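Chain by chain, the residues:
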Amino acid sequence: MKKITILGATGTIGINTLDVIKLYKNDFEVTALTANKNIERLEKLCQEWQPKYAVMADTDAAEQLEQRLKNLPIEVLSGVEGLTKVASLTEVDMVMAGIVGGAGLIPTLAAAQAGKRVLLANKEALVMSGQLFIDAIRQNNAELLPIDSEHNAIFQCLPNSEQAGIQKQGVNKILLTASGGPFRTFSIDQLQNVTPAQACKHPNWSMGQKISVDSATMMNKGLEVIEACWLFNSQPKDIEVVLHPQSIIHSLVEYVDGSLLAQLGNPDMRTPIAYALGWPNRIKSGVKRLSLIDVARLDFEAMDFKRFPCLQLAYDAMQVGGTSTVILNAANEIAVQAFLQEKLKFIEIPKVIETTLSRLTSKDADSLDIILKADTEARQLATELVA
Ligand code: NAD
Ligand code: MG
């Protein structure tokens, strides 16, 4: 029996994880479920899954949940302390890091420090903490398995998961595919007045709001470039983004002999989730089988950095290194939130990020304190910029 904590259980990743676990109720036990403040949803999940712990990041929400669950043997915790506790419980084998944004950093890092198998969906945590996170995984004999579909695909196409550095494995480069999001064919003019509803309507994937907007601006791909650098011990120049509108090839690895290895599948997060839950074995995911005849064709296009400046901002921040990626991520979170609240135009998102990056100085990101300080500073500045 493998015991699992699901951070962000009420989100898209959390729900998909529970959907896979449903197929293996004799093999997995859900020890803890967490959410931010959606009391109704977490209550329903607690009734269904009967975890030992339930955590709400929001303290008031936790009090209400405790009231509602008082007849069940479930310990209700709150705040970052609660999240950190359930991410590092001795009895837990694996932690699904499914919180969105920088809020996931501390609990996800705690899971690494506690030597867990970390199923990493929360890319922002790795973008912020980079080397610190990778070191925590290594020093504590933890396992890091990527959930992001592209990175999961790359992981499957690499000869082994060793952090040896891709050159040593005969890899020439990593090809990260991008669907292009809802605005792939929009002109700069058409992008002027797009709405949050349009941005959140992804053509192939059903996801939370923040990552949907990131997919529309291409910042999602930018964060994924940074994520790939850390996961596969590679440099920004080793990673090329290729537009692939059908989202069937989830990414590829190009070897020095000219071979390209790709992972294909229907765009459904349950495949990478099942892969990571079962690794090194393969388990069923409940995903519909891919019919190549139905797909019929696979298209590829070059990326347009002009219409989607966020991708270049991410490449540049990774090249600069240090806290640049922390600043990039923080400014992006604030800008996306402002866009969702209709306080900022879509095309202003990259401008806010660029200005925040240009006004703050990058420092070595070698401690959590430095990272959190850079994050706070960048959020403050970006908040002023969107006001
Ligand atoms: P979502 O918005 O659907 O869910 C987010 C979850 O995080 C919810 O359970 C919410 O309660 C929790 N949460 C939000 N703010 C919190 C806070 N301050 N403290 C504690 N918990 C908080 O998001 P999602 O689409 O499931 O994405 C989650 C993560 O997975 C993101 O980092 C995203 O980039 C990544 N990811 C998602 C997908 C996808 O298909 N949805 C694919 C790849 C990667
Ligand atoms: Mg992805």
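Bear in mind that the values here come from a model prediction, so they are computed numbers and not experimental data.

Trainee: What should I look at first to understand the coordination of the magnesium ion (ligand 2) in this one?
Mentor: Octahedral metal centres with six donors ideally show angles of 90 or 180 degrees, and tetrahedral centres with four donors ideally show 109.5 degrees. Protein coordination at the magnesium ion (ligand 2): the donors are Asp 148 (OD), Glu 150 (OE) and Glu 224 (OE), at 2.1 to 2.2 Å from the metal. Sequence spacing of the donors to the magnesium ion (ligand 2): D-x1-E-x73-E. One end of the pair, Asp 148, is in the loop between strand S7 (143-146) and helix H7 (149-157); the other, Glu 224, is in helix H11 (residues 219-231), with 76 residues separating them in the sequence. Residue classification places Asp 148 among the buried positions, given a relative accessible area of 7%. On the basis of relative accessible area, Glu 224 is assigned to the buried category, the value being 1%.

Trainee: Looking at this structure, how should I read the packing of aromatic side chains?
Mentor: To describe a pair of aromatic rings, you give the distance between the ring centres and the angle between the ring planes. Scanning the model with the defined rule gives six aromatic pairs in all. For the ring pair Phe 183 and Phe 346, a centre distance of 5.1 Å and an interplane angle of 85° mean the geometry is edge-to-face. One end of the pair, Phe 183, is in the loop between strand S8 (171-178) and helix H8 (188-191); the other, Phe 346, is in the loop between helix H15 (324-340) and helix H16 (349-359), with 163 residues separating them in the sequence. We classify Phe 183 as buried; its relative accessible area is 1%.

Trainee: I tried to follow the sheet that holds strand S11 (residues 260-264) on my own but got confused; where do I start?
Mentor: Neighbouring strands of a sheet are bound in pairs by backbone hydrogen bonds; such pairs are parallel or else antiparallel. Judged by pairing direction, the sheet is mixed, and its five strands sit side by side in the order S11-S10-S8-S9-S12 without closing on themselves. Looking at strand neighbours, the two that pair on one side only are S11 and strand S12 (301-302), the edges of this open sheet. Both strand S9 (residues 239-243) and S12 contribute to a ladder of two bridges, which runs antiparallel. Bridging from a neighbouring strand, Leu 243 pairs with Glu 301 of S12.

Thresholds, definitions, all that
Residues numbered from 1 in each chain as written. Chains lettered and ligands numbered in written order. Predicted model: local features only at pLDDT ≥ 70, side-chain atom pairs only at ≥ 80, totals over all residues. Heavy atoms only, no water. Donors = N, O, S within 2.8 Å, 3.2 Å for Na, K, Ca; no water. Helix = DSSP H or I, 4+ residues; strand = E, 2+ residues; numbered from the N terminus. Buried < 20%, exposed > 50% of the residue type's maximum accessible area, 1.4 Å probe, protein only. Phe/Tyr/Trp six-rings, centres within 6.5 Å; stacked < 30°, edge-to-face > 60°. Pairing = 2+ DSSP bridges.

So yeah, pure geometry; function would need other evidence.
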